[in-house]
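So you can see what is in the structure, the chains are spelled out below.
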Amino acid sequence: RDLTDISLLECFIHLRYVDLSENKLQDLSPLSSLTHLVSLKVDRNLLPSACMQELPYLQIISFAHNRIKDMEGITHPLLANLSLKGNKIQTALGMSHGRLFSLQILELRGNKLESTAGLSLPRLKNLYLAQNDIRSLEGLEGLQQLTTLHLRDNQLEILDGFSSSMKCLRYLNLRNNGISSLQEVAKLQVLPVLQALVLLDNPCTDEPNYRLEVLVLLPHLQRLDKELFEREEWAEANKIRQERQEEEKVRTAWRGEEK
């Protein structure tokens, strides 16, 4: 409706669900009186910031496709689902970690992030970071309840930054990055329950016996590039893994004798 002013909404203090998408809003301050608000959708407006007065019952917010450049001023204590996709956010530093006690789903696709620093949210379960410019993984050790991580279409070449404290991460999408070596994939061994991995459109997928080599490195993996491993692949990977372990034992023994 090309709305630019929503001051009229200040009168409707008991509103719980508000959708103001597809307008020309630059200011949400009139919503501060809507203290019963549970869900807010303001996609495709002209908002320069996600900063709002804290609303005690707000659980879902979508700020998709605005002009937001940072993540400061988001402090709603019951917020569980936050979408900021399609904005201009360059860094997640400045998030109010101490206030976002309940955040479980964070959508940041299509921004300008260069790092994951600042995303250490203790209850986060699903994190969507596709279509950014991420080159480094930082601060992930705090994501102890994360189960799903999307990093498709970024600039990752090395996989330093994953942590054994990420004990719930089951699904990891790294499609279309710059991962050229399976030595980098080996760094995912620190993830104790990783079950599904997507590496399509990375240079490492051109290595000989790619699927088998990944399974040798990651024995708990059940699915690679959306295809389940066959029983025969499991058996072959186990055989190769055991042979290499025996070879390493022999080499270690030889080195010990030489000393």
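Preceding this paragraph is the structure being described.
As a starting point, this report considers the structure included with it. Note that this is a predicted model, so its numbers are computed, not measured.

Scanning the protein from N- to C-terminus turns up three helices and 11 strands. Reading the helices (α) and strands (β) of the protein from amino to carboxyl end gives β-β-β-β-β-β-β-β-α-β-α-β-β-α. Along the longest, intermediate and shortest principal axes, the C-alpha atoms of the protein span 80 × 35 × 30 Å. For the protein, the residues scored as buried account for 44% of the 259 residues in total. Looking at the protein alone, contacts between residues at least 24 apart form 28% of all its contacts between residues at least 6 apart. Counting every atom, the protein has about 13600 Å² of accessible surface; 47% of that belongs to carbon and sulfur.

Here we come to the nonpolar core. Judged by nonpolar contacts, the single largest core of 71 residues is most densely connected at Phe-63, Phe-162, Leu-188 and Leu-197. Counting only elements with at least two residues in this core, the list comes to helix H1 (182-185), helix H2 (210-217) and helix H3 (231-258). At five residues, H2 tops the list of elements feeding residues into this core.

Let us look at the environment of Leu-182. Tracing the backbone shows Leu-182 in helix H1. Overall, the relative accessible area of 9% leaves Leu-182 in the buried class.

Another point: H2. Among the eight residues that make up H2, seven are buried, leaving the element largely enclosed by the rest of the structure. Every buried residue belonging to H2 is among Tyr-210, Arg-211, Leu-212, Glu-213, Val-214, Leu-215 and Val-216, and all of these are buried.

By the definition in use, this model includes one aromatic pair. Between the aromatic rings of Phe-229 and Trp-234, the centroid separation amounts to 6.4 Å while the plane-to-plane angle is 80°, which identifies the pairing as edge-to-face.

Turning our attention to the environment of Asp-133. With respect to the secondary-structure elements, Asp-133 resides in the loop between strand S6 (126-128) and strand S7 (148-150). Asp-133 sits 93 residues away from Lys-226 along the chain, and the two C-alpha atoms are 24 Å apart. If sequence neighbours within four positions are ignored, Asp-133 has contacts with Lys-112, Leu-113, Glu-114, Asn-154 and Gln-155.

Pairing is mixed across the open sheet formed by 11 strands, whose spatial order is S1-S2-S3-S4-S5-S6-S7-S8-S9-S10-S11. The outermost strands of the open sheet, each flanked by one partner alone, are strand S1 (17-19) and strand S11 (227-228). Relative to strand S3 (residues 60-62), strand S2 (residues 39-41) runs parallel, the two sharing three bridges. Of the residues in S3, the one forming a bridge with Lys-41 is Ser-62.

With respect to the secondary-structure elements, Asn-87 resides in the loop between strand S4 (81-83) and strand S5 (105-107). Since its relative accessible area comes to 5%, Asn-87 is described here as buried. A distance of 3.0 Å separates a polar side-chain atom of Asn-87 from the backbone oxygen of Phe-63. In this structure the side chain of Asn-87 is engaged in a polar contact, spanning 2.9 Å, whose partner is the backbone oxygen of Leu-84.

Enumeration over the complete set of coordinates arrives at 11 salt bridges. The partner of Arg-109 in a salt bridge is Glu-107, and the shortest N-O contact between them spans 2.6 Å. Residue Arg-109 is classed as partly exposed on the basis of its relative accessible area of 34%. With a closest N to O distance of 2.9 Å, Arg-251 and Glu-248 form a salt bridge. Of this pair, Arg-251 and Glu-248 both sit in helix H3, separated by three residues, roughly a single helical turn. Under the relative-accessibility criterion, Glu-248 is labelled partly exposed at 35%. The network of salt bridges with shared partners includes Asp-160, Glu-184 and Lys-187.

Analysis parameters
Residues numbered from 1 in each chain as written. Predicted model: local features only at pLDDT ≥ 70, side-chain atom pairs only at ≥ 80, totals over all residues. Heavy atoms only, no water. Helix = DSSP H or I, 4+ residues; strand = E, 2+ residues; numbered from the N terminus. Buried < 20%, exposed > 50% of the residue type's maximum accessible area, 1.4 Å probe, protein only. Contact = heavy atoms within 4.5 Å. Areas by Shrake-Rupley, 256 points an atom, 1.4 Å probe, with all protein chains shown as cover. Core = buried A, V, L, I, M, F, W, Y, C linked by side-chain atoms within 4.5 Å. Phe/Tyr/Trp six-rings, centres within 6.5 Å; stacked < 30°, edge-to-face > 60°. Pairing = 2+ DSSP bridges. Polar contact = N/O pair within 3.5 Å; in protein donor to acceptor, adjacent residues only side chain to side chain. Salt bridge = Lys/Arg side-chain N within 4 Å of Asp/Glu carboxyl O.

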